[in-house]
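Chain and residue survey
Here is how the chains run, residue by residue.
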Amino acid sequence: MKIVIVGDGKVGFTLTKQLSQEGHDVVVIDSNPNVLRTSQELLDVAVVEGNGAYVSVQLEANVQTSDLLIAATSGDEVNMLCCLLARKLGCKHTIARVREPAYDQQLRLLKEELGLSLSINPERAAAREIFRLLQFPPFLKRDSFARGRAELVELKLKENNPLIGKRLFELGDLKELNALICIVERYGEITIPSGNFKLLEGDKITIAADAAELARLLRHLNISTHKTQSVHIVGGGRIAEYLAAMLLKAHVRVTIIERDLVRAEALSLALEDALIINGDGTDQELLLSEGIKQTDALVTLTGIDEENLIVSMFGNYIGVPKTITKINRTEYYSVFANMGIDTVVSPKLLTSDEIVSYVRAMANTSGGSVTALCTIAEGKAEAIEFFINEDAPYLDIPLKALALKEEILVAAILRSRKVIIPKGNDSMQKGDTVVIVAPTGDAIFDMRDIFINENPKLGAAEKE
Amino acid sequence: MNIRAISIYIGYLLLVEGAFMFAALGVAAIYQERASLVAFLMTIGVLLFIGLLLTRLRRGPGRVYAREGFVTVALGWVLISFFGGLPFYISGYIPNLLDAWFESVSGFTTTGASILKDVEALSQSMLYWRSFTHWLGGMGVLVFMLAVVPLSKGSGETFHLLRAESPGPSVDKLAPTLRNSAQILYAIYIVLTIIQVLLLVLGGMPFFDSLLNTFATAGTGGFAIKNASIAAYPSPYLQLVIAVFMALFGVNFTVYHLILAGQGRAALKNGEVRLYIGIMLFSTLLIALNILPQYGSFSKAALLSFFQVSSIMTTTGFATADFNLWPQFSRYLLVVLMIFGACAGSTGGGAKQVRLLILLKSLKARMQMMLRPRAVNPVRMDGKQVKEDMISGVYAFMAAYAMICIVSFLLLSFDNKSMETTLSALAACFNNIGPGLDLVGPAGNYSVFSPLSKFVLSIDMLLGRLEIFPLLLLFSPSVWRRRA
């Protein structure tokens, strides 16, 4: 597919990388020649220098014959203008990043006039993700599928966990809970485990589970959890504003520490029930005096990664039960994962997941289209949701008789509002929503991509 | 230094060369040339063996940066020209290995300088291979490899290869992915080649001659298959077709892409192409008037003059007359035309018209700045600003160009040839033209030089084709240092 990306910043570059590696023809527009040079040297893409909202620049990038334009510059207005222009020139689909809460709300009115196929709001997506994590603090990551009915949750095996030292086939009772261990991450390497796999302390596991059973799952795993009742947020940007609104609605006490007085005043007007503190969130004395020792969770959302890391580490040090850190430069994740920073939220990755799943659904021409996608285990694997709306040769065959590619797993099946975490005897049927877990890099666009060859039945290849 | 990645690229390069040699093998089989058949068979065997061995290597974790790109291109060219010369040596047509290498370098770099006294003595298949090296070297072997082998897989690292091999101060991708860009370039190249072959065959030239002469035209090489070069075909139609196509192959291929994309108007406004055509027509007129007394008729003088100007400017090096016997002004004007040569992004050589254009424009801007020190006037080309680093890149290129000329000139002087022979041989090789003046004129050849001079000229040809820096960087210690 021909894709034009306007804005070569954090989100733009992540998207460019992902989409070009999936084999699309990508043209990047930015007004800064230096970032363009980097993109061109690292990725197989064409670049155009200039303002993406100019017709001349869009024509140079051949927007008129492209399938999709993604506007991800820092300016909401520019993004909307880019999309409007692209539609007028004849681009088939457009996606705009719109971050300003006020614009975000009025976008419903404008979406049709602007011809937007999708608008993305990384900050709101990040706030939602943090909110969901705060609902179940022991999980490091939660991704929901099948309209929220099934989830993939990430968990670190700390000492005293009953799973440590067990082999997977010994965990029969986990199946009764409708849960399945999909991925184990150990020393930065991921494994899709077989029955003989032995779990060790320090492993990070991803579990597919029924969303309604999460609390029971935690109880079963002997992990104590208590309801989050108060949250401290350091840094009062857009994510903080979205997040605080969500938390307040769920009757959680919120304290936001913001450095800039004007911004703090604006926040305090927008969020009536929140406590807004004007001060430096990296100041230990201030944090302690605002009762950080007694809080249930600390969320660091300043614009500077280093500050977020330091404050979260301090939170861990004085014993805050849960810390969540916003990180922009995810490349360094493995470095600080060892230092206790385990729950990390990255707006750019959330955004690119959303867009990539949209692009794969667009690229998919035959039945079984991608309805959701998210990267898990630090981007080393991905979970893809398909909706099966056609008759296919792999249907109604028990999973154990299907010849799936190596390291590919059917993690969950949703059939008429019921979540099935499949065992060998279960099968897929028409009308099901299916969640597949696979290592990144295979770029699965179609249900057919998960089988070794054309004929999905096991042993079919040898017979022919 | 990521030696594994470089080895893999070079492995593919040798496989591509081996694959193309099968065609020469076929020609040898058709004409039943036993010695040539054996020579090609042996070379193909060696190429495929080394190629398969290298491409089997595991890629390893390292990445490919700019320096790996430069090293791959430089080493790759030295190696393919070495193996390309082997058939001449093995078959005994060129009994000396250095001479065979010279001939092959001259082929791949599209120079067309020959050490052969009697071209017609070569077997048909050797002639075929010799001309075909022009065709392959013209657009670039690496570009072909990029078009055929899916190497990049979304990463941009092969861009370093394209940049190091493509002529001109900057590289434009014609399509978002490198593979597509390379395919578009070769598609345009192949279509133009086919059209020329058809036009030549229609004019009564035998098919085999048409094909080989087209190879040499397309790559702007200039290896003739007759001792009298193109003068062997007296038909004005044939000479005109070749002259026009030489000029066409000397145009930046992005211009053709623009025309195909329906933006003909933008293509016509291209400053480099305008300068190129302007210089070509003006020089044609000057030389035609200068040689008019010698030939009597203006139309004859004009055709000869146009053919020669087109041949020299595009750095092809075909001849329809012995211009060595022309008046001094015409002879020297031709040598001057050699320096800047054809357009960037074409198959031609020389310093490129676009550099001349940037040089002229920045000189003009400099002079205006002396008159009005506070005036702001950026250098513009095709409606866009030419950035300062591009301008300084052109200055650096011209400085390196001058220095290589000086060093080569001194090395060549050991042969005790006349100044005219030495200088014109240097200009003709470094700019990938072929024939020069005096001893190396269209009627002469390069066999008069000593082995040292042949070696120096071969290196000059490679330096010229790769635009100096890739090859020069090969000898820079910081490229080979383990830690950058």
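Residues take numbers from 1 onward in each chain, read along the sequence in its written order. To label them, take the chains in the order written and letter them from A, then take the ligands in the order written and number them from 1. With pLDDT at 70 or above as the cut-off, local features in this predicted model cover only qualifying residues; side-chain atom pairs require 80 or more to be listed or tallied, and sums for whole chains, interfaces and linings still use all residues. By convention in this description, side-chain values take in all heavy atoms of the structure and omit both hydrogens and water.

**Some words on the overall build of chain A**
Filter applied, for reference: Strands here mean DSSP runs of E at least two residues long; helices mean DSSP runs of H or I at least four residues long; both are numbered from the N terminus. A radius of gyration in this sense is built from C-alpha atoms; the matching globule rule multiplies 2.2 Å by the number of residues raised to 0.38. Between buried and exposed lies partly exposed: a residue is buried under 20% and exposed over 50% of the maximum accessible area for its type, with that area taken using a 1.4 Å probe on protein chains only. All accessible-area figures derive from a Shrake-Rupley calculation using a 1.4 Å probe, and residue coverage is judged against the displayed protein chains alone. His is not counted, nor are the chain ends, whereas Lys and Arg count as positive and Asp and Glu as negative. Here the site of a charge means NZ on Lys, CZ on Arg, CG on Asp, or CD on Glu.
Helix and strand content of chain A: 15 helices and 22 strands. The globule rule puts the C-alpha radius of gyration for 464 residues at 23 Å, and the 23 Å found for chain A is close to it. With the principal axes as the frame, chain A shows a C-alpha extent of 70 × 60 × 40 Å. Sorting the 464 residues of chain A into buried and exposed places 56% on the buried side. Summing over all exposed atoms, chain A offers an accessible surface of approximately 20700 Å²; the carbon and sulfur share of this is 50%. Charge centroids of chain A, computed over 51 positive and 64 negative side chains, lie 5 Å from each other.

**Quick notes on the nonpolar core**
Under the convention used in this document: Nonpolar cores were defined as sets of buried Ala, Val, Leu, Ile, Met, Phe, Trp, Tyr and Cys residues, with membership established by side-chain atoms within 4.5 Å. The contact rule is simple, with two residues in contact once any of their heavy atoms fall within 4.5 Å.
Judged by nonpolar contacts, the single largest core of 157 residues is most densely connected at W77, Y128, W129, F253 and Y446 of chain B. Ranked by residues supplied to this core, first place goes to helix α1 (residues 3-30) of chain B with 13 residues. Excluding residues that lie within four positions of it along the chain, W129 of chain B makes contacts with E17, F20, M21, A24, F40, G84, P87, F88 and F108 of chain B. L68, I95, I120 and V434 of chain A belong to the second largest nonpolar core, which has 42 residues in total.

**Overview of the domain arrangement of chain A**
Put simply, the test is: Reported domain spans reflect what an automatic or database domain assignment gives.
Each assigned domain of chain A is listed here: domain 1 (2-120), domain 2 (127-220), domain 3 (230-320) and domain 4 (358-463). Domain 3 of chain A and domain 4 of chain A are separated by 41 Å when their C-alpha centres are compared.

**Side note on the interface of chain B and chain A**
Inclusion rule: Buried area: the accessible area, evaluated with a 1.4 Å probe, that two parts lose upon being put together, summed over both parts. Salt bridges are counted wherever a side-chain nitrogen of Lys or Arg sits within 4 Å of a carboxyl oxygen of Asp or Glu. Polar contacts, as counted here, are pairs of nitrogen or oxygen atoms within 3.5 Å of one another; within protein the pair requires one atom able to donate a hydrogen and one able to accept it, and residues that are adjacent in sequence qualify only if both atoms are side-chain atoms.
Contacts between chain B and chain A engage 20 residues on the former and 16 residues on the latter. Across the interface of chain B and chain A, roughly 1300 Å² is buried in total on both sides, 42% from carbon and sulfur atoms. Taken together, the connections running from chain B to chain A amount to three salt bridges. Measuring nitrogen to oxygen at the nearest pair gives 3.4 Å for the salt bridge that ties E49 of chain A to K387 of chain B. Taken together, chain B and chain A are joined by five residue pairs in polar contact (both at pLDDT 80 or more). Mapped onto the side of chain B that touches chain A, the elements with two or more residues apiece are α7 (159-165) and α8 (178-202) of chain B.

**Looking at helix α2 (residues 33-42) of chain A**
What counts is decided by this rule: What the arc measures is the spread of directions leading from the helix axis to the C-beta atoms.
For α2 of chain A, the full list of buried residues reads L36, S39 and Q40 of chain A. Seen end-on, α2 of chain A carries its buried residues on one side only, within an arc spanning 95 degrees. The secondary structure elements touched by the buried residues of α2 of chain A are α1 (10-21), β2 (25-30) and β3 (46-49) of chain A together with α7 of chain B. Put simply, N32 of chain A is the residue that caps the front of α2 of chain A, since its side-chain oxygen is 2.9 Å from the backbone nitrogen of N34 of chain A.

**Some remarks on the pairing of strand β12 (residues 230-234) of chain A**
Residues and elements named next belong to chain A. Operational definition: Paired strands are those between which DSSP finds at least two bridges.
Counting buried positions along β12 gives five out of five residues, so the element sits mostly inside the fold. Burial along β12 is two-sided: the face carrying S230, H232 and V234 and the face carrying V231 and I233 are both buried. Relative to strand β13 (residues 253-258), β12 runs parallel, the two being bridged by five bridges. Within β13, the position partnered with S230 by the bridge is R253. In the sheet, β12 pairs with strand β15 (residues 297-300) via four bridges, with the strands oriented parallel. Each residue of the ladder has a partner; that of H232, found in β15, is L298.

**Thoughts on the packing of aromatic side chains**
All names here are of chain B. What counts here: Ring pairs shown here join Phe, Tyr and Trp side chains whose ring centres sit within 6.5 Å, with only the six-membered ring taken for Trp; geometry is labelled stacked below 30 degrees between planes, edge-to-face above 60, and tilted in between. A ring has a charge above it when a Lys NZ or an Arg CZ is no more than 6 Å from the ring centre and no more than 35 degrees off the ring normal.
In total, this model carries 29 aromatic pairs over all chains according to the counting rule given. Each ring, one from Y186 and one from Y189, has its centre 5.7 Å from the other, and the planes form 80 degrees; the classification is edge-to-face. In this pair, Y186 and Y189 both sit in helix α8, three residues apart, roughly one turn of the helix. The class for Y186 is buried, based on a relative accessible area of 4%. Over the face of the ring belonging to F223 we find R130, whose NZ or CZ atom lies 3.8 Å from the ring centre. Positioned above the aromatic ring of F397 is the side chain of R355, whose terminal nitrogen or guanidinium carbon lies 3.8 Å from the ring centre.

**Section: empty space enclosed by the protein**
One way to see where empty space is left: roll a probe the size of a water molecule over the atoms. All names here are of chain B. Our working rule: Note on definitions: the grid is 1 Å and covers protein atoms alone; a cavity is a set of points where a 1.4 Å probe fits but cannot get out; a pocket is an open set with protein on both sides within 12 Å along at least five of seven lines; lining residues have an atom within 4 Å of a point. Grid points are joined across faces, edges and corners, and a volume is the space filled by probe spheres set on the points. We call Asp, Glu, Lys and Arg charged. Ala, Val, Leu, Ile, Met, Phe, Trp, Tyr, Cys and Pro are nonpolar, and the rest, Gly among them, are polar.
Scanning the model with the defined rule gives two cavities of 30 Å³ or more in all. Approximately 50 Å³ is the volume attributed to the largest cavity. What lines the largest cavity is G350, A351, F397, Y401, F430, N431, L463, G464, E467 and I468. Secondary structure elements with two or more residues in the lining of the largest cavity: α17 (388-412) and α19 (451-465). Split by residue class, the lining of the largest cavity holds six nonpolar, three polar and one charged.

**Focus: the sheet that holds strand β17 (residues 344-345) of chain A**
Residues and elements named next belong to chain A. Selection criterion: The axes are straight lines fitted to the C-alpha atoms, using for helices just the contacting stretch, and the angles between their N-to-C directions are given from 0 to 180°.
The strand order across the open sheet formed by six strands is β14-β13-β12-β15-β16-β17, and the pairing between neighbours is parallel. Two strands lie at the open edges of the sheet, namely β14 (275-278) and β17, each paired on one side alone. Both β13 and β14 contribute to a ladder of four bridges, which runs parallel. Paired with I257 across the bridge in β14 is I277. Its contacts with the sheet put helix α10 (residues 261-270) on β13 and β14, and the angle it makes with β14 is roughly 175 degrees.

**Describing helix α9 (residues 207-218) of chain B**
All names here are of chain B. Stated formally: A helix is expected to reach a length of 1.5 Å times the quantity of its residues less one.
Its twelve residues give α9 an end-to-end C-alpha distance of 16 Å, which sits within 8% of 16 Å, the value for a rise of 1.5 Å per residue. With respect to burial, α9 is a largely interior element, eleven of its twelve residues being buried. For α9, the complete set of buried residues consists of F208, D209, S210, L211, L212, N213, T214, F215, A216, T217 and A218. On its buried side, α9 packs onto α1, α5 (124-139), α8 and α10 (236-249). Residue T220 follows α9 closely and has a positive phi angle near 50 degrees.

**Looking at the environment of K400 of chain A**
Residue and element names in this part refer to chain A. Relative to the helices and strands, K400 is located in the loop between β19 (381-387) and β20 (409-415). Taking the C-alpha atoms as reference points, K400 and N161, separated by 239 residues in sequence, lie 30 Å from one another. Within the structure, K400 has its side chain in polar contact with the side chain of N425 (distance 2.7 Å).

**As for a nonpolar patch on the surface**
Residue and element names in this part refer to chain B. Put simply, the rule reads: Within the patch definition used here, like charges are joined within 9 Å and nonpolar side chains (Val, Leu, Ile, Met, Phe, Trp, Tyr) within 5 Å, considering only residues with over 30% relative accessible area and no salt bridge.
Among the surface-exposed residues, L37, V38, M42, F82, Y89, I90 and L97 lie close enough to one another that they form a single nonpolar patch of about 560 Å² accessible area. Going through the elements one at a time, α2 (34-55) and α3 (66-90) are the ones with two or more residues in the nonpolar patch. For I90, the location among the structural elements is in helix α3. Using a relative accessible area of 33% as the deciding quantity, one classes I90 as partly exposed.

**Section: the side chain of D76 of chain A**
All names here are of chain A. Structurally, D76 can be placed in helix α4 (residues 76-89). Here D76 sits buried without a salt bridge, and the closest side chain of opposite charge, R99, lies 4.5 Å off (N-O distance). Those residues within four positions of D76 in sequence are excluded, and the remaining contacts are R97, V98, R99, E100 and Y103.

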